[in-house]
Amino acid sequence: MARMTGNLLYTLIHDFLTDYLPQKRNCSRHTVKAYRTALNQLLDFAKDQKQIRLVDITFDTLDNEMVAGYLDFLEISHGCSIKTRNHKLNCLRSFYNYAVMRDTSLVIYQADLFSIPFKKGVKAETVDYLSETAVKILLE
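In what follows, the accompanying structure is described. In this text, all values refer to a predicted model and were calculated from it rather than measured experimentally. (Residues numbered from 1 in each chain as written. Predicted model: local features only at pLDDT ≥ 70, side-chain atom pairs only at ≥ 80, totals over all residues. Heavy atoms only, no water.)

Remarks on the overall build of the chain
Here is step 1: A tally of helices and strands in the chain yields six helices and zero strands.
Here is step 2: Going residue by residue from the N terminus, the α and β elements of the chain occur as α-α-α-α-α-α.
Here is step 3: Its C-alpha radius of gyration of 20 Å places the chain more than 25% over the 14 Å reference for a compact globule of 140 residues.
Here is step 4: When its C-alpha atoms are laid out on the principal axes, the chain stretches across 75 × 35 × 25 Å.
Here is step 5: Partitioning the intrachain contacts of the chain with sequence separation of at least 6 by distance along the chain shows that 60% fall at a separation of at least 24.
Here is step 6: Looking at the chain as shown, the accessible area adds up to about 9300 Å², and 53% of this sits on carbon and sulfur atoms.
Here is step 7: Between the averaged position of the 18 positive side-chain charges in the chain and that of its 16 negative side-chain charges there is a distance of 6 Å. (Helix = DSSP H or I, 4+ residues; strand = E, 2+ residues; numbered from the N terminus. Rg over C-alpha atoms; globule rule 2.2 N^0.38 Å. Contact = heavy atoms within 4.5 Å. Areas by Shrake-Rupley, 256 points an atom, 1.4 Å probe, with all protein chains shown as cover. Lys, Arg positive; Asp, Glu negative; His and termini not counted. Charge placed at Lys NZ, Arg CZ, Asp CG, Glu CD.)

In structure tokens, the structure reads:
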């Protein structure tokens with residue numbers, strides 16, 4: 001594992017994606033890719049919103065407002081479904097859980113992120129089936 005020097009955020013992201021998920025949690029490469037994508041998208045969104053370089057992004061940059069804005073951006077601009085939005089939020093929550101395991105001083109950032117609720121989806125409409133009479137007629 002890498003030492004926590006320099007920008008702590010990027011050290012933890014690296015260790016999370018290259019060691020924790022594939023080695024400790026035995027996640028598939030597809031799962032790791034999904035988590036990487038969620039984190040990369042958030043970082044790109046923050047960079048564009050704050051007009052700063054990626055290297056200047058810290059845990060302070062990724063506050064509740066930034067993450068909520070990112071999730072709204074996914075829904076509005078990218079047309080992502082509520083399920084996709086919630087999946088991205090879950091990926092970020094998993095990363096923050098890992099970050100707190102590595103450095104407990106990050107718990108304040110975790111609490112901030114966890115204040116963002118999962119969005120409830122629209123219930124799927126029930127499928128109307130053929131009546132018993134219609135099935136009998138169809139089978140005859």
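Considerations on the nonpolar core
Here is step 1: Ranked by size, the top nonpolar core spans 34 residues in total, and within it L9, F16, L17, F59, L62, Y70 and F95 carry the most contacts.
Here is step 2: Elements represented by at least two residues in this core include exactly α1 (8-24), α2 (29-50), α3 (64-76) and α4 (82-102).
Here is step 3: Contacts of L9, omitting those with residues within four sequence positions, involve L43, I57, T58, F59, L62 and F95. (Core = buried A, V, L, I, M, F, W, Y, C linked by side-chain atoms within 4.5 Å. Buried < 20%, exposed > 50% of the residue type's maximum accessible area, 1.4 Å probe, protein only.)

Section: a nonpolar patch on the surface
Here is step 1: A contiguous nonpolar surface patch, about 440 Å² in accessible area, is contributed by L130, V135, L138 and L139.
Here is step 2: Relative to the helices and strands, V135 resides in helix α6 (residues 132-139). (Patch = residues over 30% accessible without salt bridge, like charges linked within 9 Å, V, L, I, M, F, W, Y side chains within 5 Å. Salt bridge = Lys/Arg side-chain N within 4 Å of Asp/Glu carboxyl O.)

A look at the environment of Q51
Here is step 1: Mapped onto the elements of the fold, Q51 is located in the loop between α2 and α3.
Here is step 2: Here D48 takes part through its backbone oxygen, which lies 2.6 Å from a polar atom of the side chain of Q51. (Polar contact = N/O pair within 3.5 Å; in protein donor to acceptor, adjacent residues only side chain to side chain.)

That is the geometry; function is a separate question.
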